[in-house]
Amino acid sequence: MESKETHIVPQLTTPIRLQEYGVGIFNRALTKSALKKVLKKQYITVDGAIATTATFIKGGEMIQLAVPELKSPGEKLVFPLKVLFEDEYLAVIYKPAGILVSGVGFKTIAKALPQNLKPSNLSDAAVPQPVHRLDYATTGLLLVGKTSSSIRDLNRMFADKAIKKVYYAITIGEMNVNGKITEPIDGKPSLTKYAVKDTVPSKRFSKLNLVQLKPKTGRRHQLRKHLSGIGNPILGDRDYGIENLILKGKGLYLHAYSLKFTHPFTNENIYITTEFPQRFKKIFEQL
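No experiment lies behind these values; they were computed from the predicted model shown.

A.B. asks: Help me understand the overall build of the chain, please; the structure alone is not making it clear to me.
C.D. replies: When helices and strands are counted, the chain shows 6 helices and 16 strands. Compactness check: the chain gives a C-alpha radius of gyration of 19 Å against a globular reference of 19 Å for 287 residues, within 12% of the reference. Counting only C-alpha atoms and orienting by the principal axes, one finds that the chain spans roughly 55 × 40 × 40 Å. Residue burial in the chain is summarised as follows: out of 287 residues, 48% are buried. For the chain, the proportion of contacts with a sequence separation of at least 24, taken over those separated by at least 6, is 62%.

A.B. asks: Help me understand the pairing of strand E15 (residues 254–262), please; the structure alone is not making it clear to me.
C.D. replies: Successive residues of a regular strand alternate their side chains across the two faces of the sheet. In the sheet, strand E10 (residues 139–147) pairs with E15 via 2 bridges, with the strands oriented parallel. Directly across from Thr139, in E15, lies its bridge partner His255. The pairing of strand E11 (residues 164–172) with E15 spans 6 bridges and is classified as antiparallel. Across the sheet, residue Tyr167 finds its bridge partner in E15, namely Ala256. When E15 meets strand E16 (residues 269–273), the two strands line up antiparallel, connected through 5 bridges. Paired with Ser258 across the two strands is Thr273, which belongs to E16. Connecting E15 to the antiparallel partner E16 that follows it, the hairpin turn spans 6 residues, and Asn267 within it adopts a positive phi of roughly 65°.

A.B. asks: In this structure, what is going on with the environment of Tyr271? I would like to understand it.
C.D. replies: Structurally, Tyr271 can be placed in strand E16. The spacing of Tyr271 and Lys165 is 106 residues in sequence and 10.0 Å in space, taken between C-alpha atoms. Residues within four places of Tyr271 in sequence aside, it is in contact with Ser258, Leu259 and Lys260.

A.B. asks: Mind showing me how you'd approach the pattern of salt bridges here?
C.D. replies: Two side chains with opposite charge may pair up if their charged atoms get near one another. This model, assessed by the stated rule, comprises 8 salt bridges. Residues Asp153 and Arg156 are paired through a salt bridge, measuring 3.1 Å at the closest nitrogen-oxygen approach. With Asp153 and Arg156 both in helix H4 (residues 148–159) and 3 residues apart, the pair spans about one turn of that helix. For Glu174, the salt bridge goes to Lys207, with nearest N and O atoms at 2.7 Å. Taken together, the residues Glu174 in the loop between E11 and strand E12 (178–181) and Lys207 in strand E14 (residues 206–215) connect sequence positions 33 residues apart.

A.B. asks: Honestly, the packing of aromatic side chains in this entry has me stumped. Any pointers?
C.D. replies: Think of a pair of aromatic rings as described by two things: how far the centres are apart, and how the planes are tilted against each other in angle. What the rule picks out here adds up to 6 aromatic pairs. A centroid spacing of 5.2 Å and a plane angle of 80° characterise the contact between Tyr168 and Tyr257, whose relative ring orientation is edge-to-face. In this pair, Tyr168 sits in strand E11 while Tyr257 sits in strand E15, placing the two residues 89 residues apart along the sequence. Taking the relative accessible area as the measure of exposure, Tyr168 reaches 11% and is therefore buried. Each ring, one from Tyr257 and one from Phe276, has its centre 5.2 Å from the other, and the planes form 25°; the classification is stacked. Here the residue Tyr257 occupies a position in strand E15, and Phe276 occupies one in the loop between E16 and helix H6 (278–283), the gap between them amounting to 19 residues. By relative accessible area, Phe276 is classed as buried at 12%. Counting every residue linked through ring pairs, the aromatic cluster contains Tyr168, Tyr253, Tyr257, Phe276 and Phe280. The ring centre of Tyr253 lies 5.2 Å from the NZ or CZ of Arg279, which sits over that ring.

A.B. asks: It is not clear to me how the side chain of Thr138 should be interpreted in this structure. Could you clarify?
C.D. replies: You can see Thr138 is positioned in the loop between strand E9 (125–130) and E10. Excluding its chain neighbours within four sequence positions, the residues that come into contact with Thr138 are Lys95, Pro96, Ala97, Leu252, Leu254, His255 and Ala256.

Calculation criteria
Residues numbered from 1 in each chain as written. Predicted model: local features only at pLDDT ≥ 70, side-chain atom pairs only at ≥ 80, totals over all residues. Heavy atoms only, no water. Helix = DSSP H or I, 4+ residues; strand = E, 2+ residues; numbered from the N terminus. Rg over C-alpha atoms; globule rule 2.2 N^0.38 Å. Buried < 20%, exposed > 50% of the residue type's maximum accessible area, 1.4 Å probe, protein only. Contact = heavy atoms within 4.5 Å. Pairing = 2+ DSSP bridges. Salt bridge = Lys/Arg side-chain N within 4 Å of Asp/Glu carboxyl O. Phe/Tyr/Trp six-rings, centres within 6.5 Å; stacked < 30°, edge-to-face > 60°. Lys NZ or Arg CZ within 6 Å of the ring centre and 35° of its normal.

Spatial relationships are all this shows, so hold off on functional conclusions.
Spelled out as structure tokens, the structure:
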């Protein structure tokens, strides 16, 4: 058995070495060193050909990472997931906090998908695969491909910004009512639009804000880094929070609230929202 992740390269203005382009595109090889390791082990292919550190990407290629799964006899993951939408091509599930989307660990969303989704009856049916990432502590909607063609098309739609995501976060401190954050992340252009929907006073944090977030790019930890960068870190963020204002034991107050896109095969307009976690409702009662 193999665990596969697929990425479709958007159009590029200039060729770039795969070991530079590929940083952060795969859940199982997020860092530069991890990417080099899987390249060395010949786990990555570009349009079906084994890639190396010398491989250049020009645009339009299909990059696939296939990592052999370690067998664990007698161990079977049982993890029920809430399914909000499902057909033969794709599904949308609710990701709870405290679980990785994918990775080498025993308990991941990717490993739990086959027991929660119906197998596709289409000719190119594949093992269900998440087509984007949510952090370990983030809750909310996760889009999943169930066939090879849908995984490929959904990846392309993300690259073309044809899938609209809306998040909500609870942030600390005084904020402008709305704005946009354009600070580059890891040297790459990045854009997040935000709007403050409500504010409540707090003895410990001065003010807590319910903030709607619309990321226009998809950098790793983009929302967390952007909000921290303007002095309004997300409540519960241990990595990018203010040292004496870290809320411990309550999780990260970041929620993937909605997904909006045109179904790549049925042309149906899909718009799905999900309930706020209980910890959001305790602070903002109108939710």
